[in-house]
Every structure is written in structure tokens, then in C-alpha cells.
Amino acid sequence: MLNKMGMLAAIFLSLTLANACSPAGGTKKMDAPKKVVDKKEASASGIVLKPGFYQDKNVGFTFTWPAKIMSEPAIKLPGEVLRWRSKKGIPVVTVTVKDKTENTASLQEAPQFFKKRFASMLKEGRKFELVEGEITTISNGVQAAYARINWEIGKQAYKMVTVSITVYKDDKIIVVTCTAPQEFPPIEIINNWVKAIKVDV
């Protein structure tokens, strides 16, 4: 199991980074690796960051994750403010914050939009299936769009799952994701991880 996890991690991370830099991935060229923000810099920008805890006081949200599992910061892809992974590489959690535009999909459309964007970015993945897409309620009674995507990667068709929560907060879009093998950990646990975002109201 551990060897398989390591192989999955290597495939997923290498392909994700490669597609983030590729014009075919639909994103801009990735910036140089970003270190974890130090405490003084984070404080000045309204960001509080430590293992298992991220807070953006300017946008107005907090996200927590199990630091004993996702224990290492990783290179952030364009738009991401947070990316932490396990020592094996997966599971991995991410947080993206971007501006709303006039072309922003409605919250009801967000799950399908996320699936299309994720599939276009990860070209080597295949059989992307939106298993669940619905409006849910997170902490403080805030509405959010939930999506669960099953997909495959690698010559041996390793089965993966990516779960996302999308929240609209004023003029910002906040997206939390977690990617892991389909068989472990249980989907209920992954759901709890991404739903741990708390938005100020």
C-alpha cells in the first residue's frame, strides 16, 4: 500500500506541476516555488499560517486541516494560497482565492465548472466523472457548492478522487480541494476536511 501511495503521489504531483506550466493546461506559467510565509510577513498581509491552520483576515475566512496527515507545505500552483500534502505526496489539500468576474458561474453551476477546469488542467488524467455536485451548507450557515470527481491516472489506471468546496464571499471566490486515492481515506473523512472552511459572516 505504501509503495502504491508513493507511486501515485509521484505521478499526480509531476503531472499537476507539468500541466500548470503548460499552455495546454490553460494557466499561466507557474511562478518560482514559494516558501511558507513567515510569521512577520503573514501578519502584515492579514494572513495567519501554521501547520493545520490558515486564516485570511482580509478576505474573511479560516481553513483547518489535520496537520499530522497533510504535514508538509508544497509548491503552490497559480491562484493557490495554500497547498499542503502528506509525506507521501497525497492526500493533498489546496485553497485557491480569486476575484469574481462578470463571467463567474453561478454557485449552482460551480461543480460542473470545477470538473471542466480540473480536467483541462490535468491532461494526463482521464475518465473524469462528476459523481456528486450539490449546494450544501458549511459553518455559520454559509451556502457552498460541493463537488466530488472520480478519475484515473497512470498506465495502470490508478483510481483517484478530488473533492471541492466553492464559496462566494463578497467579490471573491474561495475553492478548497482535497485529492486522494479513491480507496483511502474514506470519502466521509475527505468531505469533512474540505468542509472545515469557516467564512466570516
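If you're wondering where the values come from, they're calculated on a predicted model, not measured in any experiment. (Residues numbered from 1 in each chain as written. Predicted model: local features only at pLDDT ≥ 70, side-chain atom pairs only at ≥ 80, totals over all residues. Heavy atoms only, no water.)

1. Points about helix α4 (residues 187-194)
Here is step 1 of the chain: For α4, the full list of buried residues reads Ile190, Asn191, Trp193 and Val194. Buried positions in α4, seen along its axis, are confined to an arc of 160° and lie on one side of it. α4 presents Glu188 and Asn192 as exposed residues on the side facing more than 90 degrees away from its buried surface.
Here is step 2 of the chain: For α4, the secondary structure elements touched by its buried residues are β3 (61-64), β8 (143-153), β9 (158-169), β10 (172-181) and β11 (197-199). (Buried < 20%, exposed > 50% of the residue type's maximum accessible area, 1.4 Å probe, protein only. Helix = DSSP H or I, 4+ residues; strand = E, 2+ residues; numbered from the N terminus. Arc of directions from axis to C-beta. Contact = heavy atoms within 4.5 Å.)

2. Structural notes on unusual backbone geometry
Here is step 1 of the chain: The peptide bond linking Ile90 to Pro91 adopts the cis configuration, its omega dihedral lying at 5°.
Here is step 2 of the chain: Its location among the elements puts Pro91 in the loop between β5 (80-85) and β6 (92-99).
Here is step 3 of the chain: Across the junction of Phe184 and Pro185, the peptide omega takes the value 0°, indicating a cis bond.
Here is step 4 of the chain: Looking at the element boundaries, Pro185 is found in the loop between β10 and α4.
Here is step 5 of the chain: With phi around 55°, Ala157 is a residue other than glycine that occupies positive phi space.
Here is step 6 of the chain: Position of Ala157 relative to the elements: it lies in the loop between β8 and β9.
Here is step 7 of the chain: Although it is not a glycine, Asp170 sits at a positive phi angle of roughly 55°.
Here is step 8 of the chain: Relative to the assigned elements, Asp170 resides in the loop between β9 and β10.

3. Considering the pattern of salt bridges
Here is step 1 of the chain: Taken as a whole, this structure holds six salt bridges when the rule is applied.
Here is step 2 of the chain: Between Arg83 and Glu80 there is a salt bridge, with the nearest N and O atoms lying 2.8 Å from each other. For the pair Arg83 and Glu80, one class covers both residues: buried.
Here is step 3 of the chain: Taking the shortest distance from any N to any O, the salt bridge between Arg148 and Glu132 comes out at 2.9 Å. Taken together, the positions of Arg148 in strand β8 and Glu132 in strand β7 (residues 126-137) put the pair 16 residues apart, joining distant regions of the chain.
Here is step 4 of the chain: Glu132 sits in the partly exposed class, given a relative accessible area of 28%. (Salt bridge = Lys/Arg side-chain N within 4 Å of Asp/Glu carboxyl O.)

4. Digging into the pairing of strand β2 (residues 53-56)
Here is step 1 of the chain: Side-chain alternation along β2 places Tyr54 and Asp56 on a buried face and Phe53 and Gln55 on a face that remains uncovered.
Here is step 2 of the chain: Taken together, the four bridges between strand β1 (residues 47-50) and β2 define a ladder with antiparallel strand orientation. Considered in β2, the bridge of Leu49 is made with Tyr54.
Here is step 3 of the chain: Of the strand pairs in this sheet, β2 and β3 are connected by four bridges, and their pairing is antiparallel. Its bridge partner being in β3, Asp56 is matched across the sheet by Phe61.
Here is step 4 of the chain: Where β2 hands over to β3, the hairpin turn is made up of four residues, of which Gly60 adopts a positive phi near 95°. (Pairing = 2+ DSSP bridges.)

5. Concerning the sheet that holds β9
Here is step 1 of the chain: A sheet is described by the order of its strands in space; here seven strands give the open sequence β4-β5-β6-β10-β9-β8-β7, paired in antiparallel fashion. Whereas interior strands pair on both sides, the edge strands pair on one side only; in this sheet they are β4 (72-73) and β7.
Here is step 2 of the chain: The sheet contact formed by β4 and β5 spans two bridges and is antiparallel. Across the sheet, the residue bridging to Pro73 is Trp84, located in β5.
Here is step 3 of the chain: Sitting on the sheet, α4 touches β8, β9 and β10, and the angle it makes with β9 is about 30°. (Axes fitted to C-alpha atoms, helices over the stretch in contact; angles between N-to-C directions.)

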